[in-house]
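Here are the chains, one letter per residue:
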Amino acid sequence: MPMIAADAIDIQRQVSQRVQLGIERDMSIEEAEELAAGPGEAWTVRHDDRIAACVGLRETFPERQAVAWAILAEGVGAAHLAVTRFARRRIAESPLRRIEAIVRAEVPAECVWARLVGLQAAHVLRCFGARSETHVLFERIRED
């Protein structure tokens, strides 16, 4: 279902997702409202009456380019396949020319999930982010 701001606040994020680009922080309600409102798309996946994930495409250049993002819940478990398939379908069907995501190279699950949703590794970003960690830029380019 379309995400509302409260979903991004209420989700019980996985511990590994509390750090973004080397900074540990919680999302404010204002940031959640911006994410839900766009530009782009934001979705909430519910499973067994709880939020399993919030996923979306945040348009950085409207109607041209976006950053793929996901907040996975602690214990996503049985919903993981459905969340992954949903995110993959949204990326594949998007008319946007470029979709990208930056993930930590040292967290194999992040790299695997980026591939599972249809993105391809494009560049290694050394000493990137607030902790100067190695990250990988994943992308999907629509060639038509």
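Please refer to the structure placed before this passage.
Predicted, not measured: the structure shown is a model, and the values here were computed from it. (Residues numbered from 1 in each chain as written. Predicted model: local features only at pLDDT ≥ 70, side-chain atom pairs only at ≥ 80, totals over all residues. Heavy atoms only, no water.)

A. Focus on helix α4 (residues 108-116). Taken residue by residue, α4 has Glu110, Cys111, Trp113 and Ala114 as its buried positions. Viewed end-on, α4 has its buried residues packed into an arc of 165°, placing them on one side of the element. Opposite the packed face of α4, turned more than 90 degrees from it, sit the exposed residues Pro108 and Ala109. On its buried face, α4 sits against β4 (50-61), β5 (65-72), α3 (80-93), β6 (98-104) and β8 (133-141). Just past α4, the residue Gly118 takes up positive phi, approximately 100°. (Buried < 20%, exposed > 50% of the residue type's maximum accessible area, 1.4 Å probe, protein only. Helix = DSSP H or I, 4+ residues; strand = E, 2+ residues; numbered from the N terminus. Arc of directions from axis to C-beta. Contact = heavy atoms within 4.5 Å.)

B. Structural view of α3. Over its 14 residues, α3 extends 20 Å from the first C-alpha to the last, a length consistent with the 20 Å expected when each residue adds 1.5 Å. Turning to α3, its buried residues are Val83, Thr84, Phe86, Ala87 and Ile91. Down the axis, α3 shows its buried residues gathered within 165° of arc, on one side only. Residues Arg85 and Glu93 are exposed on α3 and point more than 90 degrees away from its buried face. Those residues of α3 that are buried are in contact with β3 (40-47), β4, β5, β6, α4 and β8. (Expected span 1.5 Å × (residues − 1).)

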